[in-house]
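Fold and geometry: a report
Here are the chains, one letter per residue:
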Amino acid sequence: MSDTQNARQEPTYDLTNCDREPIHILGNVQSYGCLIAVSSDWMITHASENCGDLIGYDARMLVGARFIDILPEETVHFLRTKMQVLSYQNGAARVFAHAAFGDSRLFDISISQNDHNLIFEFEPRSEHPKPQDDGATVQALIARVQRHSTIDKMAKEAVRAIKILSGFDRVMAYRFNEDDSGTVIAEEREPQQEPFLGLRYPASDIPKQARALYVRNPLRIISDVNAPVYGIYPSTDPNGRPLDLSLAVTRAVSPIHLEYLRNMGVAASMSVSILRNGKLWGLFACHHRSAHHVGYDLRSAIELFAQLFNYELAQVELSTELEEIDRARSLHDRLMSQLSGGKSVSETFEVFSESINEVVPFDGAAIYTEGTYKARGSAPTAEEFAGLARFLNTTPPGQVYQTHALIERYPEAEGLSDRVAGILVLPISRTPRDYLVLFRREIATSVNWAGNPDKPVEAGPNGIRLTPRKSFEAWQQVVRGQCAPWRGSELRAADALRVTLLEVVLKMADERNVMRKQAQDQQELLIAELNHRVRNILNLIRGLVSQGQEEAQTVDDYRTVLDARVFALARAHDQLTETEWGWVPLRNLVDTEVKAFLTGKEQRVRITGDEIALSPTAFTTLALVLHEMVTNSAKYGALNDSSGSVSIDVALQKDGVAKLSWREMDGPAVQAPTRRGFGTTIIERSIPFELKGQAEVRYRMTGLEADFVLPSAHVRKAEITPVSSDAPEVEHVAKVQVAGHCLVLEDNMVIALDASDMLSDLGADYVHTSGSVAGGLEIIEKNAIALAVLDVNLGDETSLPVLRKCLELEIPVMLATGYGANEDLVSKFPNVPILKKPYNSDSLKRKLAELGAIG
């Protein structure tokens, strides 16, 4: 449904029905839990009508009784202990799967506090929770969010994670706009559902008091919009006040909201707040087409995920604000330079307005100072501005004034509509009023609403009232008479600019030495603010990342370095596994690392001297040390160009001690690093700390030199065993692509998501994932699968039935395992590639090349 509107004149109705509804004291709870309110002296003051059904005590019998007479003494003591957290945090204390009544029944319990009561809510659960680490899962999912640097991509990853955690059909990230309407910026849904991505919802869809509750109580679930609700007995206390349920998790919601959900075809919903600086930034909105309940423990994990997402959001927005401060400071410095020649602001207007346009884009600009008017671009004439100046004189003094719809504030601007729709005004003097004004032209904007934002008026039992709309089809509105809104960053820059220009004007009016000090104070203020924000961001980052972050310039660089270190250890682990955790020749370790990292340069690394074997402990330590040495040489040293080489000499002493000498020759000039990174720490401290040996590194102009001493307990003489490598050539692997539908059978959700992303990056049209044999077989039966990646061990079952089905249907297949290529698997399925965990995109492509999956 589409409607284009320039202006509408319709009857005016009361739009505050929803805003006035007291949703925190509606006096009902949902059916999945019951509620008991207790006074400060532990007398029961209120109980929900479904207490008899859920805990076996009638509400009327409970009210007036002592709490300790209802629950066992040890339960009351346990709950009182849990309540300690309420003294230093908002929200609720949580108890999961507790036998609260001393029998076999288990309950999840929420404990919250309002002004006069403690509120205990009981949610029955049928079984003990399955052993799982929700914290680790949340951490892994938030790590996927951290990979992204834009809000839209972070939100997309977040809704994907919440959909997986909660099981809802549709999960949306909903961001509030300045006018309190909201826009769907990310969405995960079932394929058959119509998309809501990009739709805008009017502010009336989420009333003011609901927004306030979302700040206090960040997660709200409605398990079944059609389920009965149960009242609170008694409905008021002896003073006539209803029970405040603001923090209650089982609180029933407004009938108007339930009607709204039914109109959308939603049978269950969950909302999770996205907060920024204590204010409601947006929501994660979850919808389900049938009744759907999420347990309290899983809801708590989702709430934790949302809190961590809030921190990531703050980090990204703080980074953006820091960049804005940098731009504002740069503008400040340029303007000070341009205006420091003794000329007036009016005289240098053409020059400095160009600089302003780089930070705050505009279509026209004007300067009005000491009764003189000068303009450029799309701007009013001097006569037209005279009237506008009188209007501006009525605005608050000393503040930036802005509007993106001038005609709504200043009707006389109708004559300017062909040139001006919005203004940004900077007062640049104390008295009389002088202004720098930026103008923007009209932009006819198309807004896609989720249905007509004006709710229909119907006569109901309470008279004329607004009811939730029944249509949510895209409804387009064309808005006229408005310019592109002035963004928050532009307003902050304008305020900084106002201060700068005012500073210049005052400088010209007062003694130069006095004004020079004020300019210095202003600059120091901006620098102090910049330093303050930098420190805040660095403290936040330091708490979220581990050692080694200082070596990376970008998140991708850090991931690459960390990925390489993990796979260096994985290669060492594979060699130890092949020897059944025995001694391994040093030469094997060097050859493996060189072939993995320096394709085409292997001959430039020479090993001379004695052949030694390393103990498992030494082998793992040397794997990291040699990895850092090889990668540093490839980046900065002898292996960085086409002429350099590396010599590794091994000398086994009579006392059993081994000395390793690393010498780089004919490479670029070497300089000592200006700072000590985590890689340098690995090289210099791993052997002394872990093996009680020695390490010395020298940065010679002619090439890096390093000497290592390995104690006799970790080395012995060895016979060389060549390292076999059947990996395809790099040129061949680089051409690997996949197409069509792929299957990833993996019981670890995060690994499955990573594998899915890898295959998508290689060209897969769609990647199906499952964690069970039954699910895998069903996917194969219903879809034409072009490639299958199967985890061997799926918890209490193996993927061999799915493997046999793939072989029967001639589907290209590989096995992923953390156990290595064991002889049993290789003998039974000799033609099936074995993908060793952990694996990355490169190792996956090598196995795909073995299968012949070449684009």
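Conventions and cut-offs
Residues numbered from 1 in each chain as written. Predicted model: local features only at pLDDT ≥ 70, side-chain atom pairs only at ≥ 80, totals over all residues. Heavy atoms only, no water. Helix = DSSP H or I, 4+ residues; strand = E, 2+ residues; numbered from the N terminus. Polar contact = N/O pair within 3.5 Å; in protein donor to acceptor, adjacent residues only side chain to side chain. Pairing = 2+ DSSP bridges. Axes fitted to C-alpha atoms, helices over the stretch in contact; angles between N-to-C directions. pLDDT = per-residue confidence, 0-100. Contact = heavy atoms within 4.5 Å. Buried < 20%, exposed > 50% of the residue type's maximum accessible area, 1.4 Å probe, protein only. Arc of directions from axis to C-beta. Phe/Tyr/Trp six-rings, centres within 6.5 Å; stacked < 30°, edge-to-face > 60°. Lys NZ or Arg CZ within 6 Å of the ring centre and 35° of its normal. Core = buried A, V, L, I, M, F, W, Y, C linked by side-chain atoms within 4.5 Å. Expected span 1.5 Å × (residues − 1).

As for the side chain of Asp237
Its location among the elements puts Asp237 in the loop between strand 11 (230-233) and helix 9 (255-263). Of the polar contacts made by the side chain of Asp237, one reaches the backbone nitrogen of Asn239; its length is 2.9 Å.

Topic: the sheet that holds strand 24 (residues 605-609)
Taken in spatial order, the five strands of this open sheet run 24-26-27-29-28, and their pairing is mixed. The sheet is open, and its two edges are formed by strand 24 and strand 28 (694-700), each paired on a single side. Across the sheet, the mean angle separating the axes of adjacent strands is 15° when strand polarity is ignored. The pairing of strand 27 (residues 658-665) with strand 29 (residues 703-710) spans six bridges and is antiparallel. Following the sheet pairing, Ser661 is matched in strand 29 by Asp707.

Considerations on the confidence of the model for the protein
Looking at the protein, pLDDT values average 79 and 77% of them are 70 or higher. Low pLDDT, under 50, characterises residues 1-16; the predicted model gives this stretch 24 contacts beyond four residues in sequence or across chains. Here residues 528-549 is a poorly scored stretch, pLDDT under 50, and it has 28 contacts once near neighbours within four places are set aside; other chains count.

Describing helix 23 (residues 800-808)
Buried residues of helix 23: Leu800, Val802, Leu803 and Cys806, and no others. Relative to the axis of helix 23, the buried residues are bounded by an arc of 155° and lie together on one face. Phi turns positive, to about 60°, at Glu810, one or two residues after helix 23.

Re the packing of aromatic side chains
Per the stated rule, a full pass over the model turns up 15 aromatic pairs. Relative to Phe176, the ring of Tyr174 lies with its centre 5.3 Å away and its plane at 85°, an arrangement referred to as edge-to-face. Like Tyr174, the residue Phe176 is buried in the burial classification. Aromatic ring contacts, followed pair by pair, group Tyr57, Phe101, Phe107 and Phe122 into a single cluster. The side chain of Arg60 reaches across the aromatic face of Tyr233, ending 4.3 Å from its centre. The ring of Phe689 carries the charged tip of Lys692 above its face, separated from the ring centre by 5.9 Å.

Focus on the nonpolar core
Among the nonpolar cores identified, the biggest contains 36 residues, and Met270, Phe284, Ile302, Phe305 and Phe309 are the most heavily contacted of them. Going through the elements one at a time, helix 6 (134-146), helix 7 (151-166), strand 7 (170-176), strand 8 (182-188), strand 10 (219-222), strand 12 (268-276), strand 13 (279-288) and helix 10 (296-338) are the ones with two or more residues in this core. For this core, the leading source of residues is helix 7, giving eight residues. Among the nonpolar cores identified, the runner-up in size contains 35 residues, and Val594, Val646, Ile648 and Leu704 belong to it.

Observations regarding helix 6
Taking 1.5 Å of rise per residue, 13 residues should cover 18 Å, and helix 6 covers 18 Å from first to last C-alpha, within 8% of that figure. Burial in helix 6 covers these residues: Val138, Leu141, Ile142, Arg144 and Val145. The buried side chains of helix 6 occupy one side of the element, clustering within an arc of 145° when seen end-on.

Focus on the environment of Ala252
With respect to the helices and strands, the residue Ala252 is situated in the loop between strand 11 and helix 9. What makes Ala252 buried here is its relative accessible area of 3%. Distance in space between the C-alpha atoms of Ala252 and Pro228 is 9.6 Å, their sequence separation being 24 residues. For Ala252, the residues in contact, after removing those within four places along its chain, are Leu26, Asn28, Val29, Gln30 and Val229.

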